[in-house]
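Okay, here's what each chain looks like letter by letter:
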Amino acid sequence: MTTPVTPDSTSTDSDARPLTMFGPDFPFAYDDYLAHPGGLGSVPQSAIGTEVAIIGGGLAGIVAAYELAKLGLEPVVHESDQIGGRMRSVPFDGHSGIVAEMGAMRFPPSSTALFRYLDLLALDTEPFPNPLAEVTPSTVIDLKGESHYAQSLGDLPEVFAEVSLAWQRTLEDHADLVPLQRAIRARDTAEIKRLWNDLVVRFDDQTFYGFLAASEHFRSFRLREVFGQVGFGTGGWDTDYPNSILEILRVVVTAADDHHRGIVGGAQQVPVGLWNAPLESPHWPAGTSVASLNGGNPAPRVTALRRTEAGILLRDATGTEKTYQAAVVTAQSWMLLSSIECEDDLLPIDHWTAIERTHYMGSTKVFVLVDRPFWKDKDPKTGRDVVSMTLTDRMSRGTYLLDQGEGRPGLICLSYTWSDDSLKLLALNARERANIVLRSLEGIYPGVDFRSHIIGEPVTLSWETERDFMGAFKANLPGHYRYQERLFGHFVQDSFAERHRGLFLAGDDISWTAGWAEGAIQTALNSVWGVVHHLGGRSAPGNPGPGDVFEQIAPLRLGDT
């Protein structure tokens, strides 16, 4: 639920800097790096026009392509489906501007690098109707057959306030939340590192559930059970209970689950916009874009990668082979184990191990378009909204009501599920999925005729069955910190054997915040620095890049014990 976890997390002090996704593992100011008037750097004149392979046309791939092109390099983008990756906005025929966000759909203001690109593209955002958010007219929490209607946390039974307080106290007493958030606001790198590195050592082997169960504030199983169903921020978190508590703490301390905003017209506009945006660069004629450098369309899917003396040889689905001095792989890392044929020596062996241990979360969404936002009707007996944003332990789990404006159809995300809940729907087609979750909602709202309002066919997607994704996003399990540290730091390659240089990993699953657009952007910028460095270039004076300062603020490297 969208409730503050500490007073500091929603500070109104006008002098305080906002919470941003500044670290905590690698506290580098990517937003300031992008904003610097000197740009991101330069390559030698002899390298201008060098082609760089970009494997994957999601947000990370397009950001990397856009920034490399500005520096005078020529990105060759390979994409197996469509520009956007998991920023996939599915339109409804005959209803311009209405899209179902099948992947990314809500973004925290703490994603300051992302919002810089939104400003560049002049994209508007609006508050997203999370449970109990200010913009959400009402929320219904339905657990064990009992429903509770609320417009604020105070409207719910006392047990929900107990859960909220238990979570707040657990974070404050056992995770240094308040001093860590203060250090992030102040961008006090030394203090962030001191506090966070201690948490890494203490909690690398701890699950989210184990962290809660060890807290005196969550002694009650009932509190842990309710918290798993309703959670904080966006809703229930029990599907994350097996994951590392460090994954959750990263989200909390950087306000990544607070005050979300949706992108008006759809999130896919971001990568598509950068694909088409004119490059402000002295190296290309006016009007040049990443799209025009690629002939208007991305190159075909990549089927094989191997190293040669000349560089990185890439084969695509047409059988065409080409060698590049540098390449950036932004596809989900499991692709390197399955649909892309890779030689063993493509990466150092410890990085292969990290990729093989990667754990992905599945996710399913089911959307329907309705004739109007009927949920705003009032029940004549109670005066309440006839339907509310809904969290439940029934099959629908999370239901979001998305108002498209006066006089327009309404859009309902009937069901948003994760992991095991997603698997429960996996074998069913769109109509079957919609029917099951509608039965859940009809049990919560007896007398409301959802079906009579539906226009058109339901739209659904499960990311774990998508050939090029095999999951919605990565979520580290306990003990996975060492693997994550290897993958994130892969862009700094001076210590690598010569044969392992020149190929760079990027994408949100390489980041410390998998599933967040900001993480995709941060690793894309890391790869840009890596490519420039590999080709003999350097960062702009006064604007050191992430690789230039890596040793000073690098993520903690854990030993064998």
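Our structure is the block above this text.
Computed from a predicted structure; not experimentally measured. Each chain carries its own residue numbering, running from 1 in the written order of its sequence. Owing to the predicted nature of the model, reporting of local features is limited to residues with pLDDT of at least 70; listing and counting of side-chain atom pairs is limited to 80 or more, with chain, interface and lining totals taken over all residues. Side-chain metrics in this entry use all non-hydrogen atoms of the structure; hydrogen atoms and water are not considered.

**Q** I keep staring at the overall build of the chain and nothing clicks. Help me out?
**A** Here a helix means four or more residues in a row that DSSP labels H or I, a strand means two or more in a row labelled E, and each is numbered from the N terminus. For the chain, the helix and strand inventory stands at 17 helices and 21 strands. As defined in this context, the radius of gyration uses C-alpha atoms, and a globule is described by 2.2 Å times the residue total to the power 0.38. For 561 residues, the compact-globule estimate of 2.2 N^0.38 gives 24 Å, and the chain sits close to it at 23 Å. Seen through its principal axes, the chain has C-alpha atoms that stretch 75 × 55 × 45 Å. Relative accessibility decides the category of a residue: with a 1.4 Å probe and only protein chains considered, values under 20% of the type maximum give buried, values over 50% give exposed, and everything between is partly exposed. A buried classification covers 60% of the 561 residues belonging to the chain. In this analysis, two residues are considered to be in contact whenever any of their non-hydrogen atoms come within 4.5 Å of each other. In the chain, 72% of the contacts between residues at least 6 apart in sequence involve partners at least 24 apart. Residue burial considers only the protein chains on display, and all accessible areas are found by Shrake-Rupley using a 1.4 Å probe. For the chain, the accessible surface area stands at approximately 21,800 Å², while carbon and sulfur atoms represent 49% of it. Across the chain, the mean location of the 47 positive side-chain charges is 2 Å away from that of the 72 negative side-chain charges. Asp and Glu are treated as the negative residues and Lys and Arg as the positive ones, with His and the ends of the chain left uncounted. A charge is said to be at NZ when it belongs to Lys, at CZ for Arg, at CG for Asp and at CD for Glu.

**Q** Just to check I follow, could you spell out the environment of Ile412 for this structure?
**A** With respect to the secondary-structure elements, Ile412 resides in strand E18 (residues 410–418). For Ile412, a relative accessible area of 1% corresponds to the buried category. Counting along the chain gives 59 residues from Ile412 to Gly471, while the straight-line C-alpha distance between them is 23 Å. When sequence neighbours within four positions are dropped, the list of residues in contact with Ile412 reads Val366, Phe367, Val368, Val370, Phe374, Trp375, Thr399, Tyr400 and Leu401.

**Q** What is the right way to read helix H10 (residues 269–276) from this model?
**A** Three or four residues apart is the spacing at which side chains of an α-helix point the same way, because the helix has 3.6 residues per turn. Within H10, the full set of buried residues consists of Val270, Pro271, Gly273, Leu274 and Trp275. Buried residues along H10 sit against helix H2 (59–70), strand E2 (74–78), helix H3 (112–120), strand E8 (261–263) and helix H11 (290–293).

**Q** Explain the packing of aromatic side chains here, please?
**A** One pair of aromatic rings is described through two measures. These are the centre distance and the angle between the planes. Here the aromatic set is Phe, Tyr and Trp, taking the six-membered ring for Trp, and pairing holds for ring centres within 6.5 Å; pairs whose planes are under 30 degrees apart are stacked, those over 60 apart are edge-to-face, and all others are tilted. Inspection of every chain in the model, using the stated rule, returns 28 aromatic pairs. Centre to centre, the rings of Phe128 and Tyr400 are 5.6 Å apart; their planes meet at 50 degrees, and the pair counts as tilted. With Phe128 in the loop between strand E5 (125–127) and strand E6 (139–143) and Tyr400 in strand E17 (residues 398–402), the pair connects residues that are 272 residues apart, well separated along the chain. Here the aromatic residues Phe26, Phe28, Tyr30, Tyr33, Tyr481, Phe488, Phe491, Trp512, Trp529 and Phe550 are joined through ring pairs into a cluster of three or more.

**Q** Is there a simple way to explain the side chain of Glu485 in this structure?
**A** With respect to the helices, strands and loops of the structure, Glu485 is situated in helix H15 (residues 481–488). What makes Glu485 buried here is its relative accessible area of 8%. If we ignore the near neighbours within four places in the chain, the residues touching Glu485 are Trp512, Pro555, Leu556 and Arg557.

**Q** Can you help me understand the sheet that holds strand E13 (residues 341–342) in this one?
**A** Strand pairing in a sheet takes place through backbone hydrogen bonds and is either antiparallel or parallel in direction. Two strands pair if DSSP finds at least two bridges between them. Pairing within the open sheet is mixed, and its four strands lie in the order E11-E10-E9-E13. Strands at the two margins of the open sheet, each flanked by one partner only, are strand E11 (321–324) and E13. In the sheet, strand E9 (residues 302–308) pairs with E13 via two bridges, with the strands oriented parallel. Its bridge partner lying in E13, Ala304 is registered against Glu341.

**Q** How do you make sense of the packing of helix H5 (residues 177–186) against helix H6 (residues 189–203) when you look at a structure like this?
**A** For any two helices packed against each other, the geometry is given by the interaxial angle and the distance between the axes. Every axis in this analysis is a line fitted to C-alpha atoms, fitted for helices over the stretch in contact. Angles between the N-to-C directions lie between 0 and 180 degrees. Contact geometry of H5 with H6 gives a least axis separation of 9 Å together with a crossing angle of 145 degrees. Of the two possible hands of crossing, H5 and H6 adopt the one that is left-handed. Across the interface between the two elements, Pro179, Leu180, Ala183 and Ile184 of H5 pack against Glu191, Ile192, Leu195, Trp196 and Leu199 of H6. Three classes are used: nonpolar for Ala, Val, Leu, Ile, Met, Phe, Trp, Tyr, Cys and Pro, charged for Asp, Glu, Lys and Arg, and polar for all others, with Gly counted as polar. A class-by-class count of the residues in the contact of H5 with H6 yields eight nonpolar, no polar and one charged. Two helices cross in a left-handed way if the nearer one is turned anticlockwise from the farther one by less than a right angle. They cross in a right-handed way if the turn is clockwise.

**Q** How should the environment of Arg501 be read in this particular structure?
**A** Position of Arg501 among the secondary structure elements: in the loop between H15 and strand E21 (503–505). For the pair Arg501 and Met470, spaced 31 residues apart in sequence, the C-alpha to C-alpha distance is 27 Å. A polar contact of 3.3 Å, which involves the side chain of Arg501, links it to the backbone oxygen of Gln493. Polar contact criterion, stated in full: a pair of N or O atoms within 3.5 Å, where within protein one must be able to donate a hydrogen and the other to accept it, and residues adjacent in sequence count only if both atoms are side-chain atoms.

**Q** How do you make sense of H15 when you look at a structure like this?
**A** Buried residues dominate H15, accounting for six of its eight residues. When we look at burial in H15, the residues that qualify are Tyr481, Tyr483, Gln484, Glu485, Leu487 and Phe488.

**Q** How should the environment of Ser244 be read in this particular structure?
**A** Position of Ser244 among the secondary structure elements: in the loop between helix H8 (221–230) and helix H9 (245–253). Residue Ser244 is classed as buried on the basis of its relative accessible area of 4%. Contact partners of Ser244, with chain neighbours within four places excluded, come to Phe203, Asp204, Gln206, Thr207, Phe208, Asn476, Leu477 and Pro478.

**Q** Help me understand the pattern of salt bridges in this model?
**A** Pairs can form between side chains of opposite charge whenever their charged atoms are close. A carboxyl oxygen of Asp or Glu within 4 Å of a side-chain nitrogen of Lys or Arg is what we treat as a salt bridge. Following the criterion strictly, the structure yields 33 salt bridges and no others. Here Asp238 and Arg397 are joined by a salt bridge, their closest N and O atoms 3.2 Å apart. Taken as a pair, Asp238 in the loop between H8 and H9 and Arg397 in the loop between strand E16 (389–392) and E17 lie far apart in primary sequence, 159 residues in all. For the salt bridge of Glu321 with Arg306, the shortest nitrogen-to-oxygen distance reads 3.8 Å. You can see Glu321 sitting in strand E11 and its partner Arg306 sitting in strand E9, a full 15 residues away along the chain. Members of the salt-bridge network, linked through shared partners, are Asp238, Arg397, Asp421 and Lys424.

**Q** Would you mind showing me how to read the pairing of E18 here?
**A** For a regular strand, side-chain orientation follows a simple rule: the groups alternate between the two sheet faces. Of all nine residues that make up E18, nine are buried, and the element is covered over most of its length. As paired elements, strand E15 (residues 363–370) and E18 share eight bridges and run antiparallel to each other. In the strand pairing of E18, Phe367 is matched with Cys413. Bridge count between E17 and E18: three bridges; the pairing is antiparallel. Residue pairing across strands places Leu402 opposite Leu411, the latter belonging to E18.

**Q** I'm lost on the packing of helix H4 (residues 158–174) against H8 in this one. Help?
**A** Closest axis-to-axis distance for the H4/H8 pair is 10 Å, and the angle between their directions is 90 degrees. With respect to each other, H4 and H8 are oriented roughly perpendicular. Here H4 contributes Val159, Phe160, Glu162, Val163, Ala166 and Trp167 to the contact with H8, which in turn contributes Leu223, Val226, Phe227 and Val230. Residue classes in the contact of H4 with H8 are distributed as nine nonpolar, no polar and one charged. When an angle is under 35 degrees it counts as roughly parallel; over 145 it counts as roughly antiparallel; between 65 and 115 it counts as roughly perpendicular; any other value is oblique.

**Q** Is there a simple way to explain the sheet that holds E15 in this structure?
**A** If you walk across this open sheet you meet the seven strands as E7-E6-E16-E17-E18-E15-E19, and the pairing is mixed. The open sheet has two edge strands with one neighbour each: strand E7 (146–150) and strand E19 (454–462). Here the average twist between neighbouring strands, direction ignored, is 15 degrees. Against the sheet, H8 makes contact with E6 and E16, and its axis sits at roughly 135 degrees relative to E6, the strand it touches most. Here helix H14 (residues 430–444) sits on the sheet in contact with E6, E7, E15, E16, E17, E18 and E19, set at roughly 105 degrees to E19.

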